[in-house]
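Descriptive analysis of the structure
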Amino acid sequence: MLAWSDLTGRRLPGGGPLAALAARVTPAGARVLLAGPHDPELVDRLAHADVTCLLRSWPDGSALAEDRPVRVVVGGPGGLPADETFDVVIAAAGLDAVESVEGTPVGWDGLLRRLAAVLAPGGTLLLRLDNPVGLTRMVDTAPWYAGRDDADWAIGGALDAGRPANLEQARERLAGAGLRPGGCFAAYPEPAAPTALVDAGALAARPGSGLLDAVLHGACAPGHGDRPVLQDPARLAVDALHAGLGAALAPGWLVLAHRAASAVPAADDPPDAAGTDPTGKTGPGGLPVLWVQTGPPGIGVVEVTAAADGWRWRVPGPVAAATDAPFATRAAAWRDPAVLTGAVPQGRLLRTVLLDACLRRDLAALRRLLHGYAAWLDAHADDAGRLTGATALASLDNVVLADGGASPARDATGAPPVFAVLDPSWRASDPWPVDVTLARGLWRFAAALATGGYAHPWSSTLDVAGLTVVLAGTAGRDLDRATVTAAVDAEVAVTAALRGLDNADRVALADELRAVEPTAPPTGLDSHQQLREAWLRQKAELTRVTALLRWTEELLTSRERALRRAEATINLLSGSLSYRVGRLAITPARLAKRGARAAKRRAKDALAPRRDEQEQQ
């Protein structure tokens, strides 16, 4: 395709967690085929292998050959040498991006068989599949079938049986092509540029995991901020997780498949080591159960591996070596990946448990949890009442509540709740007062309650700062609005450090957070559903204000009528004979009183010098 480019208006896959996964499944010195357009970062991550890039665009192939010392084949699937095989085939852009119009179309199954044919015995295929009913399509304002751009010429029909529509169908197609289906990772928030890859078995086995809750919410919250959506994708992703549909409703999947080392497997061959443990206790084929990228793009990828005693944090060596404390820049927060070596705390996310208690108006559970949260912060403070390290940034969305049955918010034993910091790698550069940390966590929760339209047991006329003070009172603390203002300033500083914002963006963020109102939609989210909820809240507030103005107007009208009646009575009485006689009698008395006051003042002035002389003697 001499005039076509896959780089125009399209995000190429290959960075972040996807590059980490591709590098992990590629042995050193392996022959790798990158089928379709990929991000050059992926080519750099595969520097330990012999890489061949298969493209359909001549301009893209020429540009890649000039920038990277790799072999480039242009011509689509027909350009592959018939007598060459590869140890690893990566099609992270999907099979539609491989087929070229310069030749006979072979369809999805034909492309899969062509790639399977060049896979060497014992080789691995990493294939991306887009979910036709995934979260991305569910929240997109434009329907998938209305695409008119040049890049949309490969859209399938609603009843297209030529490509798989779910994971089960994809595994059947892979088996039909002579491959052994292996593990599967759900890609969030977008299939092309995922910031989180989660093992599908773990999503199904641990729907109440606080780690997965935080990861999916954090991945989807900023994932659609650059375009309008129908509803909050972060809320939808967490709801799907709790319903056991985190993998079924994922925007896309990355599927692993393998070609058998021999045509006839031995009778004592072990079971599929590349498969996914349905219990979620082990990863697919020894791979991590989770890859996640948080913070600025250059911060690196964090892994979560499965061990016999549970999940454990793991940070690749290059990431740990490249991350230092930014004391030179005096950022409010910095990341220390070296601490991510222990076990991942198990339990539900505190924010989710509190939201559940608010929706059920369970004040007893709210008091118990918030009292415990405040006491837990106090227990980690120094003698001066200050928090340091990860505890200073322990907001409600980074704290897990230890497992306590189906509903940890309602503990029948009366035992105090047990909390733990989920991700201890983010740390505060300077010590924080306990009240500021508490106010920051409660303010974030109050802003989510008010702007998200969640039902809660408190007055709807409260602003976000007032609701924060009420939450603090529920926790047994007396916070004032000045402390809440300091907490908002701290939130601005921490968010700027996590996102790597410059001064201009930081000032804009500060103005945005200080202007958060209950009648406004959530910040950074252009959602039709949330906008409608904000409109309903504004309508209710306007109705209340209108009723108040009507009552005030009626009160003023009644007072004005009473004043007019009083004036009429006064005017009537002032013209009577008794009023005139009384006024003539009172006038001499007023004049006498004024004269007596004047004489008293003159006497005081005359006696003042004599009193001063006596005092001096």
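The model shown is predicted, which means the values in this text are computed figures rather than measured ones.

Here is what the cut-offs are and how they apply
- Residues numbered from 1 in each chain as written.
- Predicted model: local features only at pLDDT ≥ 70, side-chain atom pairs only at ≥ 80, totals over all residues.
- Heavy atoms only, no water.
- Helix = DSSP H or I, 4+ residues; strand = E, 2+ residues; numbered from the N terminus.
- Buried < 20%, exposed > 50% of the residue type's maximum accessible area, 1.4 Å probe, protein only.
- Contact = heavy atoms within 4.5 Å.
- Areas by Shrake-Rupley, 256 points an atom, 1.4 Å probe, with all protein chains shown as cover.
- pLDDT = per-residue confidence, 0-100.
- Salt bridge = Lys/Arg side-chain N within 4 Å of Asp/Glu carboxyl O.
- Pairing = 2+ DSSP bridges.
- Axes fitted to C-alpha atoms, helices over the stretch in contact; angles between N-to-C directions.
- Patch = residues over 30% accessible without salt bridge, like charges linked within 9 Å, V, L, I, M, F, W, Y side chains within 5 Å.
- Lys, Arg positive; Asp, Glu negative; His and termini not counted.
- Charge placed at Lys NZ, Arg CZ, Asp CG, Glu CD.
- Phe/Tyr/Trp six-rings, centres within 6.5 Å; stacked < 30°, edge-to-face > 60°.
- Core = buried A, V, L, I, M, F, W, Y, C linked by side-chain atoms within 4.5 Å.

Turning to the overall build of the chain, a few remarks are in order. When helices and strands are tallied, the chain shows 18 helices and 17 strands. Considering the chain as a whole, with its 617 residues, one finds that 43% of them fall into the buried category. Sequence separation of 24 or more characterises 70% of the internal contacts of the chain that already satisfy a separation of 6 or more. Only carbon and sulfur atoms are counted for the fraction: they give 55% of the accessible area of the chain, which is about 30,600 Å².

Taken over all residues, the pLDDT of the chain has a mean of 83, while the share at 70 or more is 88%. In the predicted structure, residues 318-329 sits below a pLDDT of 50 and forms 17 contacts with residues beyond four places in sequence or in another chain.

Before going further, it helps to examine the pattern of salt bridges. In this structure the tally under the stated criterion is 24 salt bridges. We note a salt bridge from E491 to R444, for which the minimum N-O separation is 2.6 Å. Placement of the pair is E491 in helix α15 (residues 481-499) and R444 in helix α13 (residues 434-452), with a sequence separation of 47 residues. D489 serves as the salt-bridge partner of R514, at 2.9 Å between the closest nitrogen and oxygen. Here R514, found in helix α16 (residues 503-514), pairs with D489, found in helix α15; they are 25 residues apart in sequence, far enough to count as distant. Note on R514: relative accessible area 54%, which makes it exposed. Each of D397, R440, R444 and E491 takes part in one network of salt bridges that share partners.

Here the focus is the sheet that holds strand β12 (residues 333-335). The antiparallel open sheet is built from 3 strands, whose spatial order is β12-β17-β14. Either end of the sheet is taken by a strand with one partner, and the two such strands are β12 and β14 (386-389). Within the sheet, the average angular offset between the axes of one strand and its neighbour, ignoring direction, is 25°. Here β14 runs beside strand β17 (residues 426-433); their pairing, made up of 3 bridges, is antiparallel. Bridge assignment links L387 to a residue of β17, and that residue is W432.

With that out of the way, let us pick up the sheet that holds strand β15 (residues 399-401). Taken in spatial order, the 3 strands of this open sheet run β13-β15-β16, and their pairing is antiparallel. Every interior strand has two partners, whereas the edge strands, β13 (348-349) and β16 (419-421), have only one.

Turning our attention to a positive patch on the surface. A cluster of basic residues, R583, R590, K593, R594, R597, R601 and R602, forms a positive patch on the protein surface. Inspection of the secondary structure assignment puts R597 in helix α18 (residues 577-616). Since its relative accessible area comes to 47%, R597 is described here as partly exposed.

Next up on the list: helix α11 (residues 350-359). With 8 of 10 residues buried, α11 is to be regarded as a mostly interior element. Within α11, burial applies to L350, R351, T352, V353, L354, L355, A357 and C358.

Before going further, it helps to spend a moment on helix α14 (residues 464-474). Within α14, 8 of the 11 residues are buried, leaving the element largely enclosed by the surrounding structure. Among the residues of α14, those classed as buried are V464, A465, G466, L467, T468, L471, A472 and T474. Phi turns positive, to about 85°, at G476, one or two residues after α14.

Taken as a whole and assessed by the stated rule, the structure comprises 4 aromatic pairs. When the ring of Y373 is compared with that of F419, the centres are 6.5 Å apart and the planes differ by 75°; the resulting orientation is edge-to-face. With Y373 in helix α12 (residues 363-379) and F419 in strand β16, this pair connects stretches of sequence that are 46 residues apart. Take F419: its relative accessible area is 8%, and that puts it in the buried class. Members of the aromatic cluster, each reached through a chain of ring pairs, are Y373, W376 and F419.

With respect to the helices and strands, P233 occurs in helix α9 (residues 233-242). Classification of P233 as buried rests on a relative accessible area of 1%.

With that out of the way, let us pick up the pairing of strand β11 (residues 310-314). Examined bridge by bridge, strand β10 (residues 302-307) and β11 share 5 bridges and lie antiparallel to one another. Residue pairing in the sheet places T305 in a bridge with R312 of β11. Hairpin remark: β10 followed by β11, antiparallel, with 2 residues in the connecting loop.

Turning our attention to the nonpolar core. Within the largest apolar cluster, 66 residues are counted, with the highest numbers of intra-cluster contacts made by L125, L127, Y188 and L211. With 7 residues, the top contributor of residues to this core is helix α8 (residues 210-220). Excluding anything up to four places from it in sequence, Y188 contacts L135, P194, T195, A196, L216, A219, C220, A237, G246, L249, A250 and P251. Core analysis: the second largest hydrophobic core is formed by 58 residues, A365, W443, L471 and L513 among them.

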